[in-house]
Amino acid sequence: MDKFQSFGEVLSMLRRRFFLWASIIVIGGLISLAYVLGLPRDYETYATIQIEQPSIKTGATSPGALNADILQKLQIVEQRVMARDNLLTIIDKFGLYNDAPLSELQKVELLRKAAGVIHITNPDFRWRQDISPSALLVSVRMTDPVLAANVANELVNNVLEQEEKRRTEQVSETLSFFDGEERRIGAAITNLEQQIADYKQENAVLLPGGVEALRTRLVDLQQIELEVQRQLLENVGISSGGNSVRAQRLRRLQEESELYQIEIAEIEAALKDTPRIEQQYNRLERQLTKLEEQYQAITAGKAEAEMQQMLEASQQTD
């Protein structure tokens, strides 16, 4: 074939073969149109859920932690919405895939491929930790446009219901936990306070404050006993079996000495047991302090849970 020498020769060739290439174009267009019309039709619909930050913030949460908390909430919601039981409910409600002999598992997989939840975030600020998704985009692709819209709306409603249900259940469970712990710790504190009171009453003399008085009494008794011993030494040689005044006085001094020695021995034995008594008392006090700290922490947690419950009731959360 000779090469074209000019653009005019090309135009001349096209004019001569006009019916040929025009027929090819028309036939090809008709075949393409028939093929496209023969394809199954797919309609895709979108629904957007706007995400707003809580209007009232509680606690000193950093922006990064708040963003991570929101992302975690969204992930939990997505998992619940795309859960097998939830999708089966939607399939049964709208009669999806009833014209095909598919198992429940296959129907769920088809719906998961047809539907999706996408986070919408400003791409210019994705590097910032304090930027959280501003919306959720729910997409559904099906052969029926009305059915696709209905399924998309149902998924949106499920997202909102699941999130509200999750928050409400979480707040209720948290508040119930703190209520139970408050009663348990409160009862433990009351019981321990009664134990400490009984222990102090039983060992008041050997506890701090009473030991000093006991030691003072011991010193006084030792001095008195020494004086009695001195008087006994002065009356050495006098028989205690006579009826004279000096003999009676000697017997009385001996009896007093024995009584003083018995009391001194009892006080010394009690003082030797003082460290054990104090140790047990301090252990009870430490247990009480620990319980009181736990009670304060539980009270603070309960107050925060009650505040969260009020925010949920007034719809002031995210």
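These numbers come from a predicted model, not from an experiment.

K.L.:
Talk me through the side chain of K107; I want residue IDs and the actual numbers.
P.N.:
Within the secondary structure, K107 is located in helix α5 (residues 104-114). Buried charged residue K107 carries no salt bridge. Nearest counter-charge: D92, at 6.0 Å.

K.L.:
Summarise the packing of helix α4 (residues 84-94) against α5; cite the residues concerned and give the values.
P.N.:
It is the contact of α4 with α5, at a shortest axis distance of 10 Å, that shows an interaxial angle of 90°. Of the possible angle classes, the one that applies to α4 and α5 is roughly perpendicular. Residue-level contacts link R84, L87, L88, I90 and I91 of α4 to E104, K107, V108, L111 and R112 of α5. When the residues that make up the contact of α4 with α5 are grouped by side-chain class, the tally is six nonpolar, no polar and four charged.

K.L.:
Explain the pattern of salt bridges to me, using residue names and the numbers behind them.
P.N.:
For the structure shown, the criterion picks out eight salt bridges. Its salt-bridge partner being R112, residue E109 comes within 3.5 Å of it at the nearest N-O pair. A residue pair is termed a helical-turn pair when its members lie 3 or 4 positions apart in one helix, as E109 and R112 do in helix α5 at three residues. Here E109 falls in the partly exposed class, since its relative accessible area comes to 34%. Taking relative accessible area as the criterion, R112 reaches 33% and is therefore assigned partly exposed. Across the pair K302 and E182 runs a salt bridge, and its minimum N-O distance is 2.7 Å. Note that K302 is positioned in helix α9 (residues 274-313) and E182 in helix α6 (residues 145-202), a separation of 120 residues in sequence. Assigned by exposure class, K302 and E182 land together as buried.

K.L.:
I'd like a description of a nonpolar patch on the surface, backed by residues and values.
P.N.:
A contiguous nonpolar patch, built from F18, F19, W21 and I25 and spanning about 450 Å² of accessible area, is present on the exposed surface. With respect to the helices, strands and loops of the structure, F18 is situated in helix α2 (residues 18-38).

K.L.:
Describe the packing of aromatic side chains, listing the residues and the values that go with them.
P.N.:
The full count for this structure, using the stated rule, is one aromatic pair. Judged by centre distance (5.4 Å) and plane angle (65°), the ring pair of F177 and F178 falls under edge-to-face. Note on F178: relative accessible area 16%, which makes it buried.

K.L.:
So what's going on with the confidence of the model for the protein? Which residues, and what values?
P.N.:
Chain-level pLDDT for the protein is 76 on average; 72% of the residues reach the 70-or-more range. Here helix α7 (residues 210-234) is the element of the protein with the lowest mean pLDDT, 68, and α5 is the one with the highest, 89.

Reading the values: rules and limits
- Residues numbered from 1 in each chain as written.
- Predicted model: local features only at pLDDT ≥ 70, side-chain atom pairs only at ≥ 80, totals over all residues.
- Heavy atoms only, no water.
- Helix = DSSP H or I, 4+ residues; strand = E, 2+ residues; numbered from the N terminus.
- Buried < 20%, exposed > 50% of the residue type's maximum accessible area, 1.4 Å probe, protein only.
- Lys, Arg positive; Asp, Glu negative; His and termini not counted.
- Salt bridge = Lys/Arg side-chain N within 4 Å of Asp/Glu carboxyl O.
- Axes fitted to C-alpha atoms, helices over the stretch in contact; angles between N-to-C directions.
- Parallel < 35°, antiparallel > 145°, perpendicular 65-115°, else oblique.
- Contact = heavy atoms within 4.5 Å.
- Nonpolar A, V, L, I, M, F, W, Y, C, P; charged D, E, K, R; others polar.
- Patch = residues over 30% accessible without salt bridge, like charges linked within 9 Å, V, L, I, M, F, W, Y side chains within 5 Å.
- Areas by Shrake-Rupley, 256 points an atom, 1.4 Å probe, with all protein chains shown as cover.
- Phe/Tyr/Trp six-rings, centres within 6.5 Å; stacked < 30°, edge-to-face > 60°.
- pLDDT = per-residue confidence, 0-100.

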